[in-house]
Each structure stands twice: as C-alpha cells, then as structure tokens.
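Breakdown of the fold
The primary structure of each chain is shown beneath.
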Amino acid sequence: MDVAQRVAEQMPRVRTELAELVAIPSVADVRQFPAEECARAARWVADAFREVGFTDVALHRTADGSDAVVGSRPGPDPAAPTVLLYAHYDVQPPLDDDAWRTPPFALTEVDGRWYGRGAADCKGNIVMHLAALRALGDDVPVNLRLVVEGSEEQGTGGLEDFVPRHADLLRADAVLVCDTGNAAVGVPAVTVSLRGMVNVVVHVDALPTELHSGMFGGPAPDALAALVLMLASLRDERGDTTVRGVDTTQTWSGAPYDPEAFRADARLAEGESLLGSGTVSDMLWARPALTVLGIDCPPVVGSTAAIVPRASARLNLRIPPGTAPEQARDALTRHLVEAAPWGVAVAVETEAVGTPFLARTDGPAYEAVRGAMQDAFGRDMVLLGQGGSIPLCTVFGATYPDAEILMLGVEEPLALIHAPNESVDPREIQHLATAEALFLQRYAIQGRPTG
Ligand SMILES: [Zn+2]
C-alpha cells in the first residue's frame, strides 16, 4: 500500500483525534480559560507523539509560563538529515460566541468542512503530523525532533526565548513550521515571506473627569474625538496605510493572489472595494497594514451625555520584509504623538514587536518538498507570502542559520483562522499529511550531506 492510501485510511482516526483536541479550550490566557486546559492539551500532544515513536517527550516550561512539548525520534541512520516538526496546541479565544454557527469547542461537520476553534490553527496541523508519521510506520528515514508550543497565539514569546537557550534540543537541517496554509484548497504552497508586526496601545487623556456635554461640549477637549482623529490619520481615503516614515510602495514578486479569490476568501459583499493602491499581493505581503484592534471608551449602553475624558486604542501594524520593527514602532509612536490635536496628553505603550521573515528556497529541503507536494496534490507547488507573522521563524533562522525553513499547513483562506466559524477542510489534512510523509522519504535521500 502506498503512503497516500495509508493516510486516506487514517482519516476517521484523524477526525476522532481532532475532535478530542478541539474539545480542549486551550486558550493560553488564564483570564479567559483555566490553565488546566492548556495542560490537558499539552499532555494529549505528548502522549500522541510518544505513540508514534518519539522517545523522550517532555514538557519544558518557557519564560512566559507556557509549556512546550519537546521530543525526538532517532531514525535508523544517524547520518541521515534531521527534521524538526513544529506546531502549537494553544488556540485563539472563540471571540463572539453568538457568531459561531456551531459550538466552538465541538468539532462539527458542515458541508464537508470540520468546524471548531483550532480545527485548522493549529490543531489540524498537529493531527496532520501524526497522520504523516503513522503512514510511514517504522520506516521514518530521517531523524526527527518535535516542538509543539503552548502560547503562540498570545504573542508572549515563550518559545522564542526558549529556542536559543536550548538550541541543541531542537537543532535540525530542515524545519517544518506547520502553521500556515495553501493558496486555496488543493493548491499546494509553501510560505516563504512573512510580515512582521508592531502592537501598541495608545492612551489619550484630555480631562480629569467626565463633563456634561451640554454645559461643556464645544470648547472642552474630548479624548474620544481626539483619538478618532489620530486613528483616521493612519489610513488615506484609498485605504493605504499612512504611517509617516514607513515605506508603503513595495511590490510582491511571487505568485499573485487573485483579487476575485481574495474577495471570496474575505467574504466581501458586492459593492465593497478592495483597499489600497497596490495589488492584493502587494497590499497583503509586501506593504504595511494598520489595523485598530480595539478601543476603550464607554460602550453605547450605559453611556451618558458626557464628554469622554480618557480613551485608548490597541493598534496592530503589519510590516513587510525589509522594514525593521523597531524603526516601524518608533515611526508609529511619533506619528500618533504628532497627530494628537488640542494638546491632549498621549502615551504610547509597545506591547510586542515581531521581525519580518524571508526564507531561503534553493536547498535540498525545498527541492524535496516540491516533489512531495506535486505527488500528493497532482499539481505544482507555489511560493506564497503571508500577511501575518510568525516571529519564531526569525528565531529559527538566527539560531540555525544553515537550516531550511518551510512554512506549510492546513490553514488555507477558507479556514477563517482567528475568526468565529474557524474550520478545516479534511482533504487538506489528508493531502498535506501525504505530502509530509513523502517529503520525509525524499529528503532522507536528497538532504543527505554529500562528500
Ligand atoms: Zn497558528
């Protein structure tokens, strides 16, 4: 029986396993879910990888308090190359429970897709690894290492801190960072470019206390109105991001993102236009994008006829390869301070910065994955950018400068990761698990050091 068949036969088990994992609300934020949920998910992952032959699986506490599941599985030949498998077991919170059409923590099939928080990001990739390894059985021809982290979605950097301190534990010739997705269902892709990011919280302080909007409204400075003006200055009327001092003119040279596909993926209504002066790929992979993530101000219900004295906003600036995060953070901070009207007090706190990433694609692992994807999907693999960031890739690149880093996974655009109604297409798990198994076989030969 060939690898593709052995993966296909496992799909009922894949579904059972994914249902078990999705049922654990492993949101790595104790303000939202008890820490025990992440502990349960970590134990589930550790047990599952022990079962596929990882010998020394252990939980390693990282600097942010989360546990990374780390292990290794020596192959038959110590001279064979080593591959590190990556995923994360923590998930985004469900967000708006009412917006979910199925229970977020119960894997539910609708029209052939499996819905649930984490079904794609990133638990779908965990079960993909397991299916690939089981398809190979005892014949895994490379040396394997594993790390499944527990705080990726929080951006608190537990594993980023851990990797350089324990470099030997995870050292590999190729790293499969499985936390991205194909260009579309059935279109195999490896992601080679990631935007970095800067997250800040901006506070505006205009008055010591609320003032009656009838008695004072007009001349008195208004914190919320000031904040609205400041935020409005971060985009122009076309939708281009306009942070002074941040380049917004770069273009994307890899596979294009078809605008109609993007409209469908983003579920735009007819009549809504795409933003910005570049192509979809330019806007998404080669240029910065500013998003307002949240605003602190009185909610509609309970608000009174008063001028708001203080308001805050949480901002996210995505930055493309070529832009340094510290420089972007300084530019954003300066822009906000300069855009503040009426002498209101402004404070900008940096929450997190992440460096953009560009992979090297001329080595044996890329050659092996091209062939494996072609065999598994029956069509050529494309190279993609991704608008999001995986700061860990930069850390892997710096810690293992000779390693090839391949970003792939089951999170294609319809998966709606991070949003309500996240889902995974089981065919993607099946085909990618097949590709992963074939990759390990090919790379054992193509990645063998010569001479
Ligand atoms: Zn993820």
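Residues numbered from 1 in each chain as written. Predicted model: local features only at pLDDT ≥ 70, side-chain atom pairs only at ≥ 80, totals over all residues. Heavy atoms only, no water.

Some details on the coordination of the zinc ion
Here is the rule we go by: With water excluded from the atoms, a metal site may look incomplete; its donors are any N, O or S atoms within 2.8 Å, or within 3.2 Å for Na, K and Ca. Each label reflects the angles at the metal, where four donors whose angles all fall between 85 and 135 degrees are tetrahedral, four or six donors whose opposite pairs open beyond 155 degrees and whose other angles stay between 65 and 115 are square planar or octahedral respectively, and the rest are irregular. Counting from the N terminus, the helices are the DSSP runs of H or I reaching at least four residues and the strands are the DSSP runs of E reaching at least two. The classification of residues rests on relative accessible area computed with a 1.4 Å probe and restricted to protein chains. Under 20% of the type maximum is buried, over 50% is exposed, and intermediate values are partly exposed.
Here the zinc ion is held by His88 (NE2), Asp121 (OD), Asp179 (OD) and Asp179 (OD), and the distances to it run 1.8 to 2.6 Å. Between the four donor atoms coordinating the zinc ion, the angles at the centre fall across 54 to 153°, so the site counts as irregular. Mapped onto the polypeptide sequence, the residues donating to the zinc ion form the spacing pattern H-x32-D-x57-D. Of this pair, aspartate 121 sits in the loop between strand E5 (113–115) and helix H4 (123–136) while aspartate 179 is found in the loop between strand E7 (174–178) and strand E8 (189–194), placing the two residues 58 residues apart along the sequence. Residue class for aspartate 121 comes out buried when judged on its relative accessible area of 3%. For aspartate 179, a relative accessible area of 6% translates into the label buried.

Digging into helix H10 (residues 325–339)
Formally: Multiplying one less than the number of residues by 1.5 Å gives the expected span of a helix. Arc, as used here, means the arc of the directions from the helix axis to the C-beta atoms. Contact definition: two residues touch when any of their heavy atoms are within 4.5 Å.
Here H10 spans 21 Å end to end across 15 residues, near enough to the 21 Å set by a 1.5 Å rise per residue. Regarding H10, the residues found buried are Pro325, Ala328, Ala331, Leu332, His335 and Leu336. For H10, the arc enclosing every buried residue in end-on projection is 130°, short of the 170-degree limit, so these residues lie on one face. Lining the buried residues of H10 we find strand E9 (196–205), helix H7 (223–232), strand E11 (289–296), strand E13 (310–319) and strand E14 (345–354).

Notes on the packing of aromatic side chains
Heads up, the condition is: Two rings from Phe, Tyr or Trp (for Trp, the six-membered ring) form a pair when their centres are within 6.5 Å of each other. A pair whose planes differ by under 30 degrees is stacked, one over 60 is edge-to-face, and the rest are tilted.
A full pass over the atoms with the stated rule returns eight aromatic pairs. Put simply, the rings of Trp252, Tyr257, Phe262 and Trp285 pair up and form one aromatic cluster.

What to know about the sheet that holds E9
For clarity, the cut-off: Any two strands are treated as partners once DSSP identifies two or more bridges connecting them. In this analysis, axes come from line fits to C-alpha atoms, helices being fitted only over the stretch in contact, and the angle between any two N-to-C directions falls in the range 0 to 180 degrees.
Strand order in the open sheet formed by four strands is E11-E13-E9-E14, with antiparallel pairing between adjacent strands. One side of each edge strand has no neighbouring strand; the edge strands of this open sheet are E11 and E14. Along the sheet, successive strands turn relative to each other by an average axial angle of 20°, direction set aside. H7 rests against E9, E11, E13 and E14 of the sheet, and its axis sits at about 15° to E13. H10 rests against E9, E11, E13 and E14 of the sheet, and its axis sits at about 160° to E14.

Overview of the environment of valine 175
Along the chain, the position of valine 175 falls in strand E7. Look past the residues within four positions of valine 175 in its chain and what remains in contact with it is Leu84, Phe396, Ala403, Glu404, Ile405 and Leu406.

Let's talk about the pairing of E9
Of all ten residues in E9, eight are buried; the element is thus mostly enclosed. Here E9 runs beside E13; their pairing, made up of ten bridges, is antiparallel. Following the sheet pairing, valine 201 is matched in E13 by arginine 314. Sheet analysis places E9 next to E14, joined by nine bridges and oriented antiparallel. When the bridges of E14 are listed, methionine 197 appears paired with glycine 354.

Looking at the packing of helix H11 (residues 364–377) against helix H13 (residues 426–446)
Quick note on the threshold: Roughly parallel refers to an angle under 35 degrees, roughly antiparallel to one over 145, roughly perpendicular to one between 65 and 115, and oblique to any angle outside these ranges. In this scheme, a crossing is called left-handed if the near helix is turned counterclockwise away from the far one by less than a right angle; it is called right-handed if the turn is clockwise. Amino acid classes used here: Ala, Val, Leu, Ile, Met, Phe, Trp, Tyr, Cys and Pro are nonpolar; Asp, Glu, Lys and Arg are charged; the rest, including Gly, are polar.
At a minimum axis distance of 8 Å, the contact between H11 and H13 shows a crossing angle of 140°. Taken together, the axes of H11 and H13 are oblique relative to one another. By crossing handedness, the relation of H11 to H13 is classed as right-handed. Seen from H11, the contacting residues are Pro364, Ala365, Glu367, Ala368, Val369, Gly371, Ala372, Met373, Asp375, Ala376 and Phe377; seen from H13, they are Glu428, His431, Leu432, Thr434, Ala435, Leu438, Phe439, Arg442, Tyr443 and Gln446. Here the contact of H11 with H13 is built from residues that sort into 13 nonpolar, four polar and four charged.

Some remarks on the pattern of salt bridges
To keep it simple, the criterion reads: Here, a salt bridge means any Lys or Arg side-chain nitrogen found within 4 Å of an Asp or Glu carboxyl oxygen.
For the structure on display, the rule yields 21 salt bridges. The salt bridge involving arginine 43 is made with glutamate 36; its shortest N-O contact spans 2.9 Å. Ionic pairing is found between glutamate 37 and arginine 40, a salt bridge with its closest N-O pair at 2.6 Å. Of this pair, glutamate 37 and arginine 40 both sit in helix H3 (residues 35–51), three residues apart, which is roughly one turn of that helix. On the basis of relative accessibility, which here comes to 15%, the residue glutamate 37 falls in the buried class. One continuous salt-bridge network, built from bridges that share partners, spans Arg13, Glu17, Glu51 and Arg134.

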